[in-house]
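What follows is each chain in one-letter form.
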Amino acid sequence: MITLDGISKWYGKFQVLSNCTTQVTKGEVVVVCGPSGSGKSTLIKCINGLEPFQKGDISVDGISVNQAKTNLPKLRSRVGMVFQHFELFPHLSVIDNLTIAPIKVLKRSREEAIQKAMLLLARVGLESQAKKFPGQLSGGQQQRVAIARALAMDPIVMLFDEPTSALDPEMVSEVLDVMVELAEEGMTMMVVTHEMGFAKKVAHRVIFMDQGQIVEDRNKTEFFGSPQSERAQQFLSKILHS
Amino acid sequence: MGDFDFDVIARSLPYLWKGMEYTLILTLTAMAGGIFFGTLLAIAKLSSIPPLSIAATAYVNLMRSTPLVLVIFWFYFLVPLLAQAITGSEQPVPVGPDQTALISFTLFEIAYYCEIIRAGIQSIPTGQVSAGKALGFTYFQQMLYVVLPQAFRNMLPVLLTQSIVLFQDTSLVYVISATDFLGAASKVAQRDSRLVEMYSFVAVIYFLISFTLSQFVKRLQLKFSIVR
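Calculation notes
- Residues numbered from 1 in each chain as written.
- Chains lettered and ligands numbered in written order.
- Predicted model: local features only at pLDDT ≥ 70, side-chain atom pairs only at ≥ 80, totals over all residues.
- Heavy atoms only, no water.
- Contact = heavy atoms within 4.5 Å.
- Buried area = accessible area lost by both parts, 1.4 Å probe.
- Salt bridge = Lys/Arg side-chain N within 4 Å of Asp/Glu carboxyl O.
- Helix = DSSP H or I, 4+ residues; strand = E, 2+ residues; numbered from the N terminus.
- Nonpolar A, V, L, I, M, F, W, Y, C, P; charged D, E, K, R; others polar.
- Axes fitted to C-alpha atoms, helices over the stretch in contact; angles between N-to-C directions.
- Parallel < 35°, antiparallel > 145°, perpendicular 65-115°, else oblique.
- Left-handed = near helix turned anticlockwise from the far one by under 90°.
- Core = buried A, V, L, I, M, F, W, Y, C linked by side-chain atoms within 4.5 Å.
- Buried < 20%, exposed > 50% of the residue type's maximum accessible area, 1.4 Å probe, protein only.
- Pairing = 2+ DSSP bridges.

Asks: Just checking my understanding: could you explain the interface of chain A and chain B for this structure?
Replies: Many analyses report the size of an interface as the accessible area lost when the parts associate. At the interface, 21 residues of chain A touch 20 residues of chain B. Between chain A and chain B lies a buried interface of about 1,800 Å² when both sides are counted; carbon and sulfur atoms form 68% of it. Considering only the side of chain A, the residues that lose the most area to chain B are Phe 89, Pro 90 and His 91 of chain A, jointly responsible for 32% of the buried surface there. Remark: the boundary between chain A and chain B carries 0 salt bridges. Those elements that provide at least two residues to the side of chain A that touches chain B are α2 (72-77), β6 (79-82) and α3 (94-104) of chain A. Here the residues of the side of chain A that touches chain B are counted per class, giving 12 nonpolar, 4 polar and 5 charged.

Set out below in structure tokens:
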């Protein structure tokens, strides 16, 4: 579904990604972890072309991201993305946040979009908040709305960029629960996160990044059982004992 | 107060009102044109296509570095000659003070509104832009549904303040003898030799309107700020 082939990216002379190669197959849940500044957020943003890269190629469902003739808006409309800081549109109500892209991008009728949005809100447990504005919701609620907004586009894959790191601790689980449910339903997901509990529960594969490189890319049991690199061992012992 | 004759105001009210009408038309036209074209110009200025952003920047710099009176004069005296050259007519083609004022004010205000709107667009966090892109919006959808609605809410007070300044600036059209509110009052004042009465009256009216509007802007500002 997604293939990354030798992705390299520089900010000026500083190399943020070097030769990253991996793939995500349909129905797979891949967790990307690593210390901050390791390039994991940058990597996931390359997949839907939010971050340009200088070398390598990414294709999503057979369509190359960095070719000039690629219709990027169309490609992005099929890839759901959830951000660290939610990024709901503050001037729109919750229901409008969920319906604006289906109506304007997918050209769905308003009724159809609202119907679908209400189902999704029910699914994340927020149908009673449809008329509110994002600023009136808690962080956890906002992030659940953001997940529903991405799902409203019927994406073929969902990208999560540290979806719980901006949340108060007691709100993390309500967001993770929604994500676990999504994973169990077979959604293809790539998740940048430090939540190792989530990784252990639903991930098929774990990618460990350090200094812009993919250091380990192995199935979950192998990764947690016996990480090969010293860097990953250190990372895991720190993160699991804290 | 024996030497003052405030009756002159009452006598000339219909004429003064005609002047005020023109002032309001001029203000609203320059405001509407300024905001509409200013938005397009701001988008051009921020565009990643060099010829577009260079042309837009040049226009804004030119207008903002030129006194408004000069723009009005240019237009009033040069456009007739230009029109003559283009149409090949024997005499300069007169444009008339009213049209001159409408067009030159709009052209001038576009540059000022453009700078306000550019700052407003740039005040929208990049995360919002990313979120719009990630949902599949094209550049223009993104502007229309995500960036501009938030930007306009943020800049509403500044836009209105600029419009109040514009309302006062329209009095400059007296230099080409257009009959705006001040122009009308001035003509009456000269005719009846009642300069003090008429100019005092004009000053009070300008103050009342501008002050009321700026109080209104203050209240609007509180009401419109976005809850984040």
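Asks: Whenever I open this one, the packing of helix α4 (residues 68-87) of chain B against helix α5 (residues 97-122) of chain B confuses me. Can you help?
Replies: For any two helices packed against each other, the geometry is given by the interaxial angle and the distance between the axes. Residues and elements named next belong to chain B. Between α4 and α5, the least distance of the axes is 9 Å, while the angle of their chain directions is 130 degrees. Between α4 and α5, the interaxial angle falls into the category oblique. As α4 runs across α5, the sense of the crossing is right-handed. Across the interface between the two elements, Leu 68, Val 71, Ile 72, Phe 75 and Tyr 76 of α4 pack against Pro 97, Thr 100, Ile 103, Ser 104, Phe 105, Leu 107 and Phe 108 of α5. When its residues are assigned to classes, the contact of α4 with α5 shows 10 nonpolar, 2 polar and no charged.

Asks: Could you clarify how one ought to interpret the nonpolar core in this entry?
Replies: Taken as a class, soluble globular proteins show a tendency for nonpolar side chains to be buried jointly. Ranked by size, the top nonpolar core spans 50 residues in total, and within it Ile 147, Met 158, Phe 160, Met 179, Met 189 and Phe 198 of chain A carry the most contacts. It is helix α6 (residues 169-184) of chain A that contributes the most residues to this core, 9 residues altogether. For Phe 198 of chain A, the contacting residues outside a window of four places in its chain are Val 31, Leu 176, Met 179, Val 180, Met 189, Val 191, Thr 193 and Ala 203 of chain A. One finds Leu 4, Phe 53 and Phe 89 of chain A together with Phe 137 of chain B within the second-largest nonpolar core, a separate group that totals 38 residues.

Asks: Teacher, can you tell me more about the sheet that holds strand β7 (residues 157-161) of chain A here?
Replies: Two orientations exist for strands paired in a sheet by backbone hydrogen bonds: parallel and antiparallel. Residues and elements named next belong to chain A. Read across the sheet, 6 strands follow the order β6-β7-β8-β3-β9-β10 without closing on themselves; strand pairing throughout is mixed. At either end of the open sheet lies a strand with only one pairing partner, and these are β6 and β10 (213-219). Put simply, the sheet's adjacent strands are angled 15 degrees from each other on average, direction ignored. On the sheet, helix α1 (residues 40-47) packs against β3 (29-33), β6, β7, β8 (189-192), β9 (205-210) and β10 and is oriented at approximately 150 degrees with respect to β7.

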